[in-house]
Amino acid sequence: MKESLSRRFERKFSKYAIHNISLYLIICYAFGYLIEVINPTFLTYFTLEPGFILKGQIWRLVTWILVPPPTGNIFFTLIMLYFYYSIGTSLENIWGTYRYNCYLFSGMLFTILGSFLLHIIFLLQGVNATGALGYFFSTYYVNMSIFLAYAATFPDMQVLLMFIIPIRVKYLGIIYGVMLVLECLQGGLILWVVIGSSLLNFVVFYFTSRKRVHITPKQVKQRQQFKSQVNRAATITKHKCAICGRTEETNPELEFRFCSKCNGNYEYCQDHLFTHEHVK
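All values derive from a computational prediction rather than experimental measurement.

Draft legend 1. Inspection of the nonpolar core at higher detail. With 49 residues, the main nonpolar core has Leu91 and Trp95 as its most contacted residues. Listing elements by their share of this core, those giving two or more residues are α2 (21-38), α5 (74-95), α6 (97-124), α7 (140-153), α8 (169-187), α9 (189-198) and α10 (200-208). No other element matches α7, which puts 10 residues into this core. Excluding residues within four positions of it along the chain, Leu91 makes contact with Gly96, Tyr100, Ile146, Ala149, Tyr150, Thr153 and Phe154. Cys241, Phe256, Cys259 and Tyr268 belong to the second-largest nonpolar core, a separate cluster that totals eight residues.

Draft legend 2. Looking closely at unusual backbone geometry. Phi is positive for Asn20, which is not a glycine, with a value near 55°. As for its placement among the helices and strands, Asn20 is situated in the loop between α1 (5-13) and α2. For Asn20, a relative accessible area of 25% puts it in the partly exposed group.

Draft legend 3. Representation of α8. With 19 residues, α8 should cover 27 Å at 1.5 Å per step; its first-to-last C-alpha distance of 26 Å lies within 8% of that length. The set of residues buried in α8 consists of Val169, Leu172, Gly173, Leu180 and Cys184. The arc that holds every buried residue of α8, seen down its axis, measures 115°, which confines them to one face. Opposite the buried face of α8, at more than 90 degrees from it, the exposed residues are Ile174, Leu185 and Gln186. Positive phi shows up at Gly188, right after α8, with a value of about 75°.

Draft legend 4. Inspection of the side chain of Thr111 at higher detail. On the secondary structure map, Thr111 appears in helix α6. A polar contact of 2.8 Å, which involves the side chain of Thr111, links it to the backbone oxygen of Gly107. When sequence neighbours within four positions are dropped, the list of residues in contact with Thr111 reads Leu48, Trp64, Phe137, Val142, Ser197 and Ser198.

Draft legend 5. Fine view of the packing of aromatic side chains. Per the counting criterion, the structure on display carries 12 aromatic pairs. When the centroid spacing of 5.2 Å and the interplanar angle of 85° are considered together, the rings of Phe147 and Tyr176 count as edge-to-face. In this pair, Phe147 is assigned in helix α7 and Tyr176 in helix α8, connecting sequence segments 29 residues apart. Members of the aromatic cluster, connected to one another through ring pairs, are Trp95, Tyr100, Tyr103, Phe202 and Phe205.

Draft legend 6. Structural detail: the packing of α2 against α6. For the pair α2 and α6, interaxial distance at closest approach is 10 Å and the crossing angle is 35°. Together, Ile21, Ser22 and Leu25 of α2 and Tyr100, Asn101, Leu104, Phe105 and Met108 of α6 make up the contact between the two elements. Grouping the amino acids of the contact of α2 with α6 by side-chain chemistry returns six nonpolar, two polar and no charged.

Draft legend 7. Local environment of the pattern of salt bridges. With the rule as written, the count across this model stands at three salt bridges. Of the charged contacts, one joins Arg168 and Asp156 as a salt bridge, the two residues approaching to 3.5 Å between their closest N and O atoms. Taken together, the residues Arg168 in strand β2 (residues 165-168) and Asp156 in the loop between α7 and β1 (158-161) connect sequence positions 12 residues apart. For Arg168, a relative accessible area of 35% corresponds to the partly exposed category. Classification of Asp156 by relative accessible area gives partly exposed; the value is 23%. Of the charged contacts in the structure, one is a salt bridge between Glu255 and Arg257, with a shortest N-O distance of 3.5 Å. On the basis of relative accessible area, Glu255 is assigned to the partly exposed category, the value being 47%. Taking the relative accessible area as the measure of exposure, Arg257 reaches 45% and is therefore partly exposed. The structure contains a network of salt bridges with shared partners spanning Asp156, Arg168 and Lys170.

Conventions and cut-offs
- The written sequence of each chain sets the order in which its residues are numbered from 1.
- Predicted model: local features are reported for residues with pLDDT of at least 70 only, side-chain atom pairs are reported and counted for 80 or more only, and whole-chain, interface and lining totals are derived from all residues.
- Think of the side-chain values as coming from all heavy atoms in the structure, minus any hydrogens and water.
- Put simply, buried Ala, Val, Leu, Ile, Met, Phe, Trp, Tyr and Cys residues joined by side-chain atoms within 4.5 Å make one nonpolar core.
- The cut-offs for exposure are 20% and 50% of the maximum accessible area for each residue type, with area from a 1.4 Å probe on protein chains only; residues under the lower value are buried, those over the upper are exposed, and the others partly exposed.
- Numbered from the N terminus, helices here are DSSP runs of H or I no shorter than four residues, and strands are runs of E no shorter than two.
- Should any heavy atoms of two residues lie within 4.5 Å, those residues are counted as being in contact.
- To estimate how far a helix should reach, multiply one less than its number of residues by 1.5 Å.
- Picture the helix axis, draw a direction to every C-beta atom, and the arc is the one those directions span.
- N or O atoms closer than or at 3.5 Å make up a polar contact, with two conditions inside protein: a donor-capable atom paired with an acceptor-capable one, and, for residues adjacent in sequence, both atoms drawn from side chains.
- By convention, a stacked pair of Phe, Tyr or Trp rings (six-membered ring in the case of Trp) has centres within 6.5 Å and planes under 30 degrees apart, an edge-to-face pair has planes over 60 apart, and any other such pair is tilted.
- Angular values range over 0 to 180 degrees, each being the angle between N-to-C directions of two axes fitted as lines to C-alpha atoms, with helices fitted over their stretch in contact.
- Put simply, Ala, Val, Leu, Ile, Met, Phe, Trp, Tyr, Cys and Pro go in the nonpolar bin, Asp, Glu, Lys and Arg in the charged bin, and everything else, Gly too, in the polar bin.
- Every case where a carboxyl oxygen of Asp or Glu lies within 4 Å of a side-chain nitrogen of Lys or Arg is listed as a salt bridge.

Okay, structure coming up:
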């Protein structure tokens, strides 16, 4: 059977995937919030503005990720950062680092392409929108795509709405989906392009692989138990002296050998290999 193109890409490029990428994303947000507190105007130099990018400000292709989603206060900011780190880490654990990287970076790429598409549309209409598009294109909808992917992957997981009301994630996903559609209907073409491009990675995911990654709470628990067992197995030492009990973990400088004269698989460190009493 021929290997699929996606499998070949994964095998070839998975070594370049960024582990724990959610942490780096949260650090970017935290840095953006810090700038926002110190000098909000300075953030305007980081926004995704195709007009400025075409004039040479190419750093905006990357720095727009530093512009954090809007929040009410520092308390909700911390809650938001922890929440997105938690669900992002869960997705990476289930999907794998490579696929989660592809999901995030494709969402960012589609957002950039959407901003240029909207810039072209404005130019065709004779409107110079340079300086205004950064307000629409931000990491808000990238985060929304992460949450929607989490809702599709863990539909039966429960969260506490307003820290009180338990609700399954899939219902929150449906609510947010309806809200996004209403936003598009009220905002017209601009928001259709903004939201559509930013969530295109979720659309691709939903129609291509959602059935393969649907995880129930029971399966989550089983995977956690399996991972715990694997971690415990990884800590089991391979070499242990039958006399002193030292191992290659506690004393990596030692050498260990099995004794051919002992009846059984008895292994000894270099200090006891020739001095022990043979087991008959």
